[in-house]
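Listed below, chain by chain, are the residues.
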Amino acid sequence: MNDINNILAQSEFSREDIVCLLSLEGEEKTLLFRKAAEVKAVNTGSEVYFRGLVEFSNVCGKNCYYCGIRKDNDEVKRYNLSDEEILAAARFAWENQYGSLVLQSGELASPAFADRVENLLREIKKLSNGELGITISLGEQSPEVYRRWFEAGAHRYLLRIESSTPELYRKIHPNDELHDFDTRLACLRSLKETGYQTGTGVMIGLPFQTLENLADDLFFFKTFDIDMVGMGPYLEHAETPLYSYRETLMPLQQRFDLSLKMVAVLRLLMPDINIAAATALQAIDPLGREKAVKVGANVIMPNITPGLYRNDYALYQNKPCVDEEPEQCKGCLDARIALAEGEIGYGKWGDSKHFHKRVKASSR
Ligand code: SAM
Ligand code: SF4
């Protein structure tokens, strides 16, 4: 126990320290969680920020080996919300004081897609008098497209690195130009240069993944000086190539637990960034996201995609809340956040404090 207290008292951590923290169980794990909660309270406070998540299309041009909506999965019913449906969801988020919206979809690199998103961003800004913050998560695009979307009103971008270990990245993606690790990195750099609050993340409990890989992921976030992180458990999907490795995976509860430890350790490493409580946590434990809030997360992304389409954005099986309408979702979340001893920052953008410090430091 003394050793753990010593590690937790440090401000810098070695790879061995991180692996040790990620391996904690029982009372020692409780010490880690308690320390992360303290660091969070001092640095980001008790407010939890909402981003209403609109998964507006499951049409994707890529073939990531883990993802249920990958291009080659013929079992998926493909959908594409109309502009009116997307704008209605944005209006719902604005009228209900969510503060921000996340637009997410499969990845498409066509000029028509870039034009459509640019137009939607301008419309969302207009309908909310510029009040709704907008995060987008639309995959790898050219620097030019990133710039156009930024100028149209998006100010945060989520692009998970999925794994920062190139060898592991190559095992979970096809080895072709469309799924190139260096391109992914270049996109993250481009997002930062464009001026976005830049978010990334990884899946936890992937086949072939070790605790050392996860420690390296945490160092990657720190070295890259990232503003926001969204990471959660990998959940297998029967219609994907990685499903054949399901026997090698750690049990779901262990993946869940490891995800909470990743959140807690990240909060120690990067006290002032935004950390999202991943929806995938809730697929394992109904109170999964609230548990993540307790140990370091400060952002939740309630799904406000119209209920009709939610079943079809199945990245993994047993996705939570697919039968609910956005109105039901909201009432439920109020109560849940109170349980996690947090308060919702209604109507606020809830920007990453780290981002503002980073920008200030670079302009000196
Ligand atoms: N297409 C965009 C992209 O890949 O960045 C955005 C949408 S994609 C569905 C969002 C995230 O879902 C991915 O970054 C990936 O980490 C996560 N995801 C996909 N399949 C998953 C699975 N089986 N289990 C957990 N997360 C998964
Ligand atoms: Fe497409 Fe994103 Fe799924 Fe990869 S993770 S297949 S890019 S939706």
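Criteria and cut-off values
- One numbering rule holds for all chains: residues counted from 1, following each sequence as written.
- Following the order in which they are written, the chains are lettered starting with A and the ligands numbered starting with 1.
- Predicted model: local features are reported for residues with pLDDT of at least 70 only, side-chain atom pairs are reported and counted for 80 or more only, and whole-chain, interface and lining totals are derived from all residues.
- Side-chain metrics in this entry use all non-hydrogen atoms of the structure; hydrogen atoms and water are not considered.
- With a 1 Å grid spanning the protein atoms alone, the term cavity applies to any set of points in which a 1.4 Å probe fits but cannot get out, the term pocket to an open set with protein on both sides within 12 Å along at least five of seven lines, and the term lining residue to any residue with an atom within 4 Å of a point.
- Grid points are joined across faces, edges and corners, and a volume is the space filled by probe spheres set on the points.
- Numbering goes from the N terminus for both helices and strands, where a helix is a DSSP run of H or I of at least four residues and a strand is a run of E of at least two.
- Under the convention adopted here, Pro, Cys and the residues Ala, Val, Leu, Ile, Met, Phe, Trp and Tyr are nonpolar, Asp, Glu, Lys and Arg are charged, and Gly plus all remaining residues are polar.
- Note on terminology: near, applied to a residue and a molecule or strand, indicates that one of the residue's heavy atoms is within 4 Å of it.
- Think of a polar contact as two N or O atoms within 3.5 Å of one another; within protein, one of them needs to be a possible hydrogen donor and the other a possible acceptor, and neighboring residues in sequence only count if both atoms come from side chains.
- Under the convention used here, a 1.4 Å probe and the Shrake-Rupley method define accessible areas, while residue burial counts only the protein chains that appear.
- Molecules are considered to sit inside a cavity or pocket once more than half of their atoms lie within 2 Å of its grid points.
- Just to be clear on terms, a salt bridge is a Lys or Arg side-chain nitrogen sitting within 4 Å of an Asp or Glu carboxyl oxygen.
- Burial classes: relative accessible area under 20% of the type maximum marks a residue as buried, over 50% as exposed, and values in between as partly exposed (1.4 Å probe, protein chains only).
- Here, expected helix span is obtained from the residue count minus one, scaled by 1.5 Å.
- Inter-axis angles, ranging from 0 to 180 degrees, are taken between N-to-C directions of lines fitted to C-alpha atoms, where helices are fitted over the stretch in contact.
- Convention used here: angles under 35 degrees read as roughly parallel, angles over 145 as roughly antiparallel, angles from 65 to 115 as roughly perpendicular, and any remaining angle as oblique.
- Here is the rule for handedness: rotate from the far helix to the near one, and if that takes an anticlockwise turn smaller than a right angle the crossing is left-handed, while a clockwise turn gives right-handed.
- Only heavy atoms enter the contact rule, under which two residues are in contact if any of them lie within 4.5 Å.
- In this description, a nonpolar core means a group of buried Ala, Val, Leu, Ile, Met, Phe, Trp, Tyr and Cys residues linked to one another through side-chain atoms lying within 4.5 Å.
- Aromatic rings from Phe, Tyr and Trp, with only the six-membered ring used for Trp, were paired whenever their centres fell within 6.5 Å, and each pair was classed as stacked if the ring planes differed by under 30 degrees, edge-to-face if by over 60, and tilted otherwise.
- Comment: the charge-over-ring label is applied if NZ (Lys) or CZ (Arg) is within 6 Å of the ring centre and within 35 degrees of the ring normal.

## Considering empty space enclosed by the protein
At step 1: Tallying each qualifying case throughout the model produces 2 cavities of 30 Å³ or more.
At step 2: Lining the largest cavity are 47 residues, and of these Q104, S137, R160, E162 and L315 lie nearest its centre.
At step 3: Broken down by secondary-structure element, the contributors of at least two residues to the lining of the largest cavity are strand 1 (47–57), strand 2 (100–105), strand 3 (133–137), strand 4 (156–158), strand 5 (197–200), strand 7 (228–233), strand 8 (274–277) and helix 11 (279–284).
At step 4: For the lining of the largest cavity, the element with the highest residue contribution is strand 7, accounting for 5 residues.
At step 5: For the lining of the largest cavity, the class distribution of residues is 25 nonpolar, 12 polar and 10 charged.

## Things to note about the site of ligand 1
At step 1: With respect to spatial proximity, 17 residues lie near ligand 1, and among them Y66, S105, R160, E162 and L235 are the closest.
At step 2: The contact in question runs from a nitrogen atom of ligand 1 to an N or O atom on the backbone of L235, over 2.8 Å.
At step 3: Taking L315, its main chain carries an N or O atom lying 3.4 Å from a nitrogen atom of ligand 1.
At step 4: With the chains in place, 93% of the 560 Å² that ligand 1 exposes on its own is no longer accessible.
At step 5: Its atoms largely coinciding with the cavity grid, ligand 1 occupies the largest cavity.
At step 6: Here the shell around ligand 1 is composed, by residue class, of 9 nonpolar, 4 polar and 4 charged.

## Points about the pattern of salt bridges
At step 1: Applying the stated criterion across every chain, the model contains 21 salt bridges.
At step 2: Note that K77 is salt-bridged to D312, the shortest N-O span being 3.8 Å. With a gap of 235 residues between them, K77 in the loop between strand 1 and helix 4 (83–95) and D312 in the loop between helix 13 (307–310) and helix 14 (326–339) connect regions that are remote in the sequence.
At step 3: According to the relative accessible area criterion, K77 is exposed, its value standing at 59%.

## So, the site of ligand 2
At step 1: Close contacts around ligand 2 come from C60, K62, C64, Y66, C67, I69, R70, G106 and E107, and that covers them all.
At step 2: Here the shell around ligand 2 is built from residues that sort into 5 nonpolar, 1 polar and 3 charged.

## A few points about helix 3 (residues 26–43)
At step 1: The end-to-end C-alpha separation of helix 3 is 26 Å, in line with the 26 Å expected for 18 residues at 1.5 Å each.
At step 2: Just past helix 3, the residue G45 takes up positive phi, approximately 75 degrees.

## Structural notes on the environment of P111
At step 1: For P111, the position within the fold is in helix 5 (residues 111–127).
At step 2: On the basis of relative accessibility, which here comes to 63%, the residue P111 falls in the exposed class.
At step 3: Linking P111 and V145, residues 34 residues apart in sequence, is a C-alpha distance of 8.9 Å.

## Focus: the packing of helix 5 against helix 6 (residues 143–152)
At step 1: Taken N-terminus to C-terminus, the directions of helix 5 and helix 6 make an angle of 15 degrees; their axes are 8 Å apart at the nearest point. Taken as axis vectors, helix 5 and helix 6 run roughly parallel relative to one another. Here helix 5 runs over helix 6; the crossing is right-handed. In this structure, helix 5 uses F113, A114, D115, V117, E118, L121, R122 and K125 to contact helix 6, whose residues at the interface are V145, R148, W149, E151 and A152.
At step 2: Looking at the contact of helix 5 with helix 6 residue by residue, the classes come out as 7 nonpolar, no polar and 6 charged.

## A closer look at the layout of surface pockets
At step 1: Estimates place the volume of the largest pocket at around 190 Å³.
At step 2: Lining of the largest pocket is provided by G61, K62, E107, L108, A109, E140, Q141, S142, V145, E177, L178 and T183.
At step 3: Each residue belonging to the lining of the largest pocket can be placed in one class, and the counts come to 4 nonpolar, 4 polar and 4 charged.

## As for the side chain of R148
At step 1: Inspection of the secondary structure assignment puts R148 in helix 6.
At step 2: Among the residues examined, R148 registers a relative accessible area of 19% and is labelled buried.

## Concerning the nonpolar core
At step 1: I136, W149, F221 and M231 are the most contacted members of the largest nonpolar core, which has 107 residues in total.
At step 2: By residue number, the principal contributor to this core is helix 10 (residues 252–269), which donates 10 residues.
At step 3: Counting 7 residues, the second-largest nonpolar core is a separate cluster that includes L53, V102, L158 and M228.

## Side note on unusual backbone geometry
At step 1: The backbone phi angle of N129 is positive, close to 50 degrees, even though this residue is not glycine.
At step 2: Along the chain, N129 falls in the loop between helix 5 and strand 3.
At step 3: Positive phi outside glycine occurs at E162, with the angle close to 70 degrees.
At step 4: Relative accessible area serves as the criterion here: at 8%, E162 is assigned to the buried category.

## Quick word on the packing of aromatic side chains
At step 1: In total, this model carries 13 aromatic pairs according to the counting rule given.
At step 2: The interplanar angle of 65 degrees and the centroid separation of 6.3 Å between the aromatic rings of F220 and F221 together place this pair among those described as edge-to-face. The residues F220 and F221 share a single accessibility class, namely buried.
At step 3: Taken together through their ring pairs, the aromatic side chains of F50, F92, Y98 and Y346 make up a single cluster.
At step 4: One cation-aromatic arrangement involves K171 over F208; the distance from NZ or CZ to the ring centre is 5.2 Å.
At step 5: If you follow K192 out to its NZ or CZ, it ends over the ring of F224, 4.7 Å from the centre.

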